[in-house]
Amino acid sequence: MGEKIPEKAQPAIRHGGNLGQARLLFPQAPEPWIDLSTGINPHSYPHSPVPASAFARLPEPRAVETLKEIAATAFGASSAAHIAASPGTQMLMPLLAQTAVQRGARTCGVLSPAYAEHARTARIAGLTITEVSDIEALAAFDHAVIINPNNPDGRAWKRPELLTLADAMRQKGGMLVVDEAFIETGYAESVADVATSDSLVVLRSFGKFYGMAGIRLGFAIGHPDIAERLESWLGPWAISGPALHIATEALVDQVWRDEIRLRLRAESERLNDLLGAADLSIVGGTSLFTLIRDDRAPTVCTHLMENGILTRSFDERSTELRFGLPGEEAEWTRLEAALSNV
């Protein structure tokens, strides 16, 4: 028998974006593959050329501070002191769970269905996880997590609901984490502007909306003591030179942000029309992804992969599929043709 895996050694969860695995499973599928499994903007931010020094030198501390100042303005945070910059919000999830444990938390409630890494990383930290479907139920836990708008179904919660829950957590010494990874799509209201106490932390992703997930950049917004602790754990040079260059430009570009938001909404409507024409029932989403629910979902997923199109399926909810947006017109044409043969 093999060695028993320790209880806290939680295996990684399957996510979207694994084109290598898809190619192994369907070696005869046409190339290039179309990856609709991640919910990332297919139209990346058109940044200026990254200077060679960004690759050759360690990032300057002042450049990180400048980025945090710009991020504070872009997100509506109180100040740069309330922000911790990280190589992706994924890195922040286990650190926030550890922070909760150090403050005495024992239980964690996650509003579900949700991005599964929140529960997995909290479990690794030693928290007892309960997934709930009612936001009011979260007040019973020491630590609570909400994704707003939610991934994978796009559900959104109003500010008063979130602020009431944050106040309940404050009164008991707990913490509410609000993951706003898809907030830039405009499908929900941010609470980053009121994340000033140690009972509310907001996560913001850069890569999804700006279509640059590969540079790995995310932010936590909360009390300065929490932000300082997170950055202390991350250590120096956590943010790469190229990420600093690109994000410093992108976060001040309001014109691009407004234009791309309109473009994504139009393309989301186009995607929903294609899915509706294939008699697939849409049950939620944002302008970066659409969730369908259908008993044929496993067959549809396989059929699309045979056509070199990867969507996001869910082991725990086999009747659901999530579709991201195609990019170039040729990808739209291939998706339409494949759906017409479902």
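Looking at an unreviewed UniProt entry, the protein carries the name threonine-phosphate decarboxylase, with the source organism given as Rhizobium skierniewicense. What UniProt states about the protein under its Cofactor (unreviewed entry) heading is, verbatim, "pyridoxal 5'-phosphate".

A. Highlighting unusual backbone geometry. The residue after E31, namely P32, is reached through a cis peptide bond having omega -5°. Structurally, P32 is set in the loop between α1 (19–25) and β1 (34–35). Geometrically, the link from S112 to P113 is a cis peptide bond, its omega value of 5° lying close to zero. Here P113 is to be found in the loop between β3 (107–111) and α5 (117–124). Unusually for a residue other than glycine, R216 sits at a positive phi of about 55°. Examined against the element boundaries, R216 turns out to sit in the loop between β7 (200–205) and β8 (218–221). Phi at W237 takes a positive value of approximately 60°, unusual for a residue other than glycine.

B. Fine view of the sheet that holds β3. One open sheet holds the seven strands; their spatial order is β2-β8-β7-β6-β5-β3-β4, and the pairing between them is mixed. With partners counted over all chains shown, the strands left at the sheet margins are β2 (83–86) and β4 (128–132), one partner each. Averaged over neighbouring strand pairs, the angle between their axes works out to 20° when direction is ignored. Pairing analysis gives four bridges linking β7 to β8, with the strands arranged antiparallel. By the bridge assignment for β8, R204 is matched with F219. Packed onto the sheet, α5 meets β3, β4, β5 (143–147), β6 (175–179) and β7 and runs at close to 160° relative to β4.

C. Seen up close, the domain arrangement of the protein. As assigned here, the protein comprises domain 1 (19–44 + 255–340) and domain 2 (52–252). Taking only C-alpha atoms into account, the centre of domain 1 sits 27 Å from that of domain 2. At the interface, 22 residues of domain 1 touch 21 residues of domain 2. At the junction of domain 1 and domain 2, the tally comes to one salt bridge. Residue R261 pairs with E184 through a salt bridge whose shortest N-O separation is 3.3 Å. On inspection of domain 1 and its partner domain 2, the count reaches 10 residue pairs in polar contact (both at pLDDT 80 or more). The greatest single-element share of the side of domain 1 that touches domain 2, amounting to six residues, is contributed by helix α9 (residues 254–277).

D. Just the side chain of R204, in detail. Position of R204 among the secondary structure elements: in strand β7. Non-local contacts of R204, meaning those with residues more than four positions away in its chain, are made with F75, T89, E180, I183, E184, S190, A192, G218, F219 and I221.

E. Expanded view of the packing of aromatic side chains. The final tally for this structure, using the stated rule, is eight aromatic pairs. An angle of 85° between the planes, with centres 5.1 Å apart, marks the rings of Y45 and W256 as edge-to-face. Pair noted here: Y45 is in the loop between β1 and α2 (52–56) and W256 is in helix α9, with a separation of 211 residues, a long-range link. By relative accessible area, Y45 is classed as buried at 7%. By relative accessible area, which is 10% here, W256 ends up buried. Where F209 meets W256, the ring centres are 5.9 Å apart and the plane angle is 80°; that geometry is what we call edge-to-face.

F. Quick look at the pairing of β5. Most of β5 is tucked away, with five of its five residues classed as buried. Here β5 shows two buried faces, one formed by H143, V145 and I147 and the other by A144 and I146. Of the pairings in the sheet, the one linking β3 to β5 comprises three bridges and is parallel in character. Counterpart to V110 in the pairing with β5 is V145. Pairing between β5 and β6: five bridges, direction parallel. When the bridges of β6 are listed, I146 appears paired with V178. In terms of handedness, the path from β5 via helix α6 (residues 159–171) over to β6 forms a crossover that is right-handed.

G. Broad picture of the pattern of salt bridges. Per the counting criterion, the structure on display carries 19 salt bridges. A salt bridge links E320 to R293; its shortest N-O distance comes to 2.9 Å. With E320 in strand β13 (residues 320–324) and R293 in strand β10 (residues 289–293), the pair connects residues that are 27 residues apart, well separated along the chain. Between D294 and R296 there is a salt bridge, with its nearest N and O atoms 2.9 Å apart. Overall, the relative accessible area of 32% leaves R296 in the partly exposed class. Ionic contacts of the salt-bridge type, sharing partners, join the residues E180, E184, R204, D258 and R261 into one network.

H. Just the confidence of the model for the protein, in detail. Per-residue confidence for the protein averages 94 on the pLDDT scale, and 96% of its residues sit at or above 70. Across residues 1–13, confidence stays below pLDDT 50; counting only partners more than four residues off in sequence or on other chains, it has 10 contacts.

Reading the values: rules and limits
Residues numbered from 1 in each chain as written. Predicted model: local features only at pLDDT ≥ 70, side-chain atom pairs only at ≥ 80, totals over all residues. Heavy atoms only, no water. UniProt positions renumbered as here; feature names shortened; annotations may be inferred. Helix = DSSP H or I, 4+ residues; strand = E, 2+ residues; numbered from the N terminus. Pairing = 2+ DSSP bridges. Axes fitted to C-alpha atoms, helices over the stretch in contact; angles between N-to-C directions. Contact = heavy atoms within 4.5 Å. Domains from an automatic or database assignment. Salt bridge = Lys/Arg side-chain N within 4 Å of Asp/Glu carboxyl O. Polar contact = N/O pair within 3.5 Å; in protein donor to acceptor, adjacent residues only side chain to side chain. Phe/Tyr/Trp six-rings, centres within 6.5 Å; stacked < 30°, edge-to-face > 60°. Buried < 20%, exposed > 50% of the residue type's maximum accessible area, 1.4 Å probe, protein only. Right-handed = clockwise from strand over helix to strand, strands pointing away. pLDDT = per-residue confidence, 0-100.

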